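Chain by chain, the residues:
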Amino acid sequence: MNTKSTVSFASKVGAILAVAGSAVGLGNVWRFPTEAGEHGGAAFILIYVLFMLLLGVPVMVTEFVIGRHGHKDVTHSFLSMSGGRRGWKWMGLLPVVAGFLVLSYYSVVAGWTLYYAFEAGLNGFAGKDAATYAADFVSFSSHPLWPSVWMAVTVSLTCGVVALGVRRGIERGAKIMMPLLFLLILVLVGCSLSLPGAERGLRFLLQPDFSRVTGSTVLSAMGQAFFSLSVGICCLCTYACYFRRDVDLMKDGLKVASIDTLVALLSGLIIFPAVYSVPGLQPDAGPSLVFITLPNVFQQVFSGVPLLAYVFSLLFYLLLVMAALTSSISMLEMAVAYFHEEWRVSRPLSAIGVSLVCLLLGTACSLSFGVWADVKVLGLNFFDLFDFLVAKLLMPIGSLLMCVFVGWVVDEQVVRQEITNQGTLRSPLYRLWLFLVRYVAPLCILLIFANELGLFRVLFATVH
Ligand code: PFF
């Protein structure tokens, strides 16, 4: 049972692209512009980048250390690094539970993107007015059947890739989809920046408006940093189990975070200039920005050239589909790796089994936008509940536990050996990283939790 896995990514580039594929997703193209739009643009971005550096990257490298050290599966990694302290073994269940939850609600939105790409391909957005886009989205997302069907298609695609295995499926998929994704982004940024009124969008993205920064801005920026880097739920541990011994964990962590931030900013450069080039539209339209505002924007800004409107819409939704797929592959892999390595279930069978359960849970999330809108647990519908459990609970708690584990429980010599590849790398940032993992990241997470639980409000009320 404890033999080490022989599977690994074939190349260093493949490893980076696979991890970047997990990180770059709907979180960058859909969630980031929405959050930035709601929280004052550049001011939000500055806080977000700060959290990336103080929390996101350190926790990401922590996950790499745990995963690569075990080189088998997450349960084994925790057990072997803790020096046999069996309690930590249970952390191996975190990616399984989180994998089911996150894939179930993420694939609902992934399904929407696939449907929108299909609609764009059929030129279904042409010749409508603004109100129709909103009505169409509401009628589609609240339909009891169709969103679940599109979700099933995306989950099946994801399942196919994961069933093929680490090299032939995950790595090859990332090597094909990530360059394509970059190409699509660059073409779209070029188009968007050449639109009349693009400077207003640029100003929104680059000029900070601190008057809009509130406590919730800070919370959202942290949540976005965790979500966007896929940290805190052992997703990256799972991938790092497949890293070769010569991968520079610190350097790769920084590279992936840079790619991730760059894609988020470039997505902003696609969306905001386009939105501002239509008089009267504002970017803070919430999550409907991508599914209601943008189809309208694409038609209006290219109203004189229908072919351009068609191409721009199609490329944009294809971009979303690709981003969603590379991330959902990593979500499915979290649970599949566990059943495959720990329970010895074959990879295709694990992939199919996990996908079926996620489809069932995902259907409940999808119905939250329609007939089950009023079915609530803890005051939240299923979709919001799953999002809350993953982004607000499991990600911060998991990150905290991993920082405590690597910073305080594991013998420092073991950690240093892993970061420096058994002393063959210099790793000048090692001390700084360890400081962030031991003190800064846990403190930030605890403060933010305290704030969420309303402890500060109680404290201030007592003082005054
Ligand atoms: N980082 C992905 C995104 O930005 O869309 C989402 C994600 C992937 C979250 C994998 C969690 C995860 F385990």
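Structure report, in brief.

So, how was this worked out
- Residues numbered from 1 in each chain as written.
- Predicted model: local features only at pLDDT ≥ 70, side-chain atom pairs only at ≥ 80, totals over all residues.
- Heavy atoms only, no water.
- Near = heavy atom within 4 Å.
- Polar contact = N/O pair within 3.5 Å; in protein donor to acceptor, adjacent residues only side chain to side chain.
- Areas by Shrake-Rupley, 256 points an atom, 1.4 Å probe, with all protein chains shown as cover.
- Helix = DSSP H or I, 4+ residues; strand = E, 2+ residues; numbered from the N terminus.
- Nonpolar A, V, L, I, M, F, W, Y, C, P; charged D, E, K, R; others polar.
- Buried < 20%, exposed > 50% of the residue type's maximum accessible area, 1.4 Å probe, protein only.
- Contact = heavy atoms within 4.5 Å.
- Patch = residues over 30% accessible without salt bridge, like charges linked within 9 Å, V, L, I, M, F, W, Y side chains within 5 Å.
- Salt bridge = Lys/Arg side-chain N within 4 Å of Asp/Glu carboxyl O.
- Phe/Tyr/Trp six-rings, centres within 6.5 Å; stacked < 30°, edge-to-face > 60°.
- 1 Å grid on protein atoms, 1.4 Å probe; cavity = no way out; pocket = protein on both sides within 12 Å on 5 of 7 lines; lining within 4 Å.
- Points joined across faces, edges and corners; volume = space filled by probe spheres on them.
- Core = buried A, V, L, I, M, F, W, Y, C linked by side-chain atoms within 4.5 Å.
- Axes fitted to C-alpha atoms, helices over the stretch in contact; angles between N-to-C directions.
- Parallel < 35°, antiparallel > 145°, perpendicular 65-115°, else oblique.

## Here we look at the site of the ligand
Next, step 1: Lining the immediate surroundings of the ligand are 17 residues, of which Ala23, Gly27, Tyr106, Phe227 and Ser230 lie closest.
Next, step 2: Backbone polar atom of glycine 27 to an oxygen atom of the ligand: 2.8 Å apart, as the coordinates give it.
Next, step 3: A distance of 3.3 Å separates an oxygen atom of the ligand from a polar side-chain atom of asparagine 28.
Next, step 4: In isolation the ligand exposes 340 Å². Once the protein is present, 100% of that is buried.
Next, step 5: Those elements that provide at least two residues to the shell around the ligand are helix H1 (12-23), helix H2 (26-38), helix H10 (215-229) and helix H14 (306-342).
Next, step 6: Here the element with the most residues in the shell around the ligand is H14; it accounts for 4 residues.
Next, step 7: Considering only residue class, the shell around the ligand consists of 9 nonpolar, 8 polar and no charged.

## Some details on the side chain of serine 267
Next, step 1: Along the chain, the position of serine 267 falls in helix H12 (residues 249-276).
Next, step 2: A relative accessible area of 1% places serine 267 in the buried class.
Next, step 3: If we ignore the near neighbours within four places in the chain, the residues touching serine 267 are Asn28, Val29 and Pro33.

## Description of a nonpolar patch on the surface
Next, step 1: Residues Leu254, Trp408, Leu429, Leu432, Phe435 and Tyr439 make up a contiguous nonpolar surface patch of roughly 610 Å² in combined accessible area.
Next, step 2: Looking at the nonpolar patch element by element, the count peaks at 3 residues for helix H18 (residues 430-452).
Next, step 3: In this structure, tyrosine 439 sits in helix H18.

## Brief notes about unusual backbone geometry
Next, step 1: Residues other than glycine seldom take positive phi values, yet histidine 71 does so here, at roughly 55 degrees.
Next, step 2: Along the chain, histidine 71 falls in the loop between helix H3 (42-70) and helix H4 (74-81).
Next, step 3: With phi around 60 degrees, asparagine 123 is a residue other than glycine that occupies positive phi space.

## Digging into the packing of aromatic side chains
Next, step 1: Across all of its chains, the model carries 40 aromatic pairs by this definition.
Next, step 2: Seen from their ring centres, phenylalanine 78 and phenylalanine 405 are 4.8 Å apart, and the 50 degrees between their planes marks the pair as tilted. A residue pair is termed long-range when its members are at least 10 positions apart, and phenylalanine 78 in helix H4 and phenylalanine 405 in helix H16 (residues 382-409) qualify at 327 residues.
Next, step 3: Residue classification places phenylalanine 78 among the buried positions, given a relative accessible area of 0%.
Next, step 4: With a centroid separation of 5.1 Å and an interplanar angle of 75 degrees, the aromatic rings of phenylalanine 339 and tryptophan 343 are classed as edge-to-face.

## A closer look at empty space enclosed by the protein
Next, step 1: Within this structure, the stated rule accounts for 4 cavities of 30 Å³ or more.
Next, step 2: Empty space within the largest cavity amounts to approximately 140 Å³.
Next, step 3: Around the largest cavity, the lining comprises 17 residues; the ones closest to its centre are Ser22, Phe227, Ser230, Ser327 and Met331.
Next, step 4: Mapped onto the lining of the largest cavity, the elements with two or more residues apiece are H1, H2, helix H5 (94-121), H10 and H14.
Next, step 5: Counted by class, the lining of the largest cavity contains 9 nonpolar, 8 polar and no charged residues.
Next, step 6: Within this model, the second largest cavity holds a volume of roughly 60 Å³.
Next, step 7: Looking at the lining of the second largest cavity, the elements with two or more residues in it are H4 and H14.
Next, step 8: Counting residues per element, the lining of the second largest cavity draws most heavily on H14, at 3 residues.
Next, step 9: Per-class residue counts for the lining of the second largest cavity are 7 nonpolar, 3 polar and 2 charged.

## Thoughts on the layout of surface pockets
In this approach a probe as big as a water molecule rolls over the atoms, and the regions it shows empty are the leftover space.
Next, step 1: Within this model, the second largest pocket holds a volume of roughly 160 Å³.
Next, step 2: If you go around the second largest pocket, the residues you meet are Leu53, Val57, Pro58, Val61, Met250, Leu254, Leu429, Leu432, Trp433 and Leu436.
Next, step 3: Among the secondary structure elements, those contributing two or more residues to the lining of the second largest pocket are H3, H12 and H18.
Next, step 4: The residue makeup of the lining of the second largest pocket, split by class, is 10 nonpolar, no polar and no charged.

## A closer look at the nonpolar core
Grouped burial of nonpolar side chains is what soluble globular proteins tend to show.
Next, step 1: Within the largest apolar cluster, 166 residues are counted, with the highest numbers of intra-cluster contacts made by Phe316, Tyr317 and Trp433.
Next, step 2: The element best represented in this core is H14, accounting for 20 residues.
Next, step 3: Beyond its immediate sequence surroundings of up to four residues, tryptophan 433 is in contact with Pro58, Val61, Thr62, Val65, Met250, Val406, Val415 and Ile419.

## Focus: the packing of H5 against helix H7 (residues 146-164)
Next, step 1: Running from N to C, H5 and H7 cross one another at 100 degrees; their axes reach a closest spacing of 7 Å. Classified by the interaxial angle, the pair formed by H5 and H7 is roughly perpendicular. The residues of H7 that touch H5, namely those facing Ser104, Ser107, Val108, Ala110, Gly111, Trp112, Leu114, Tyr115 and Phe118, are Pro147, Trp150, Met151, Val153, Thr154 and Val155.
Next, step 2: Per-class residue counts for the contact of H5 with H7 are 11 nonpolar, 4 polar and no charged.

## Quick word on the environment of leucine 157
Next, step 1: By the secondary structure assignment, leucine 157 is in helix H7.
Next, step 2: Its relative accessible area of 42% is what places leucine 157 among the partly exposed residues.
Next, step 3: Sequence-wise, leucine 157 and valine 263 are 106 residues apart; in three dimensions their C-alpha atoms are separated by 23 Å.

## Looking at the packing of H3 against H4
Next, step 1: Packing of H3 against H4 leaves a shortest axis separation of 8 Å and a crossing angle of 95 degrees. Put simply, H3 runs roughly perpendicular to H4. Packed against H3, whose contacting residues are Val65, Ile66, Gly67, His69 and Gly70, the element H4 presents His76, Ser77, Phe78, Ser80 and Met81 at the interface.
Next, step 2: Class assignment for the residues of the contact of H3 with H4 results in 4 nonpolar, 6 polar and no charged.

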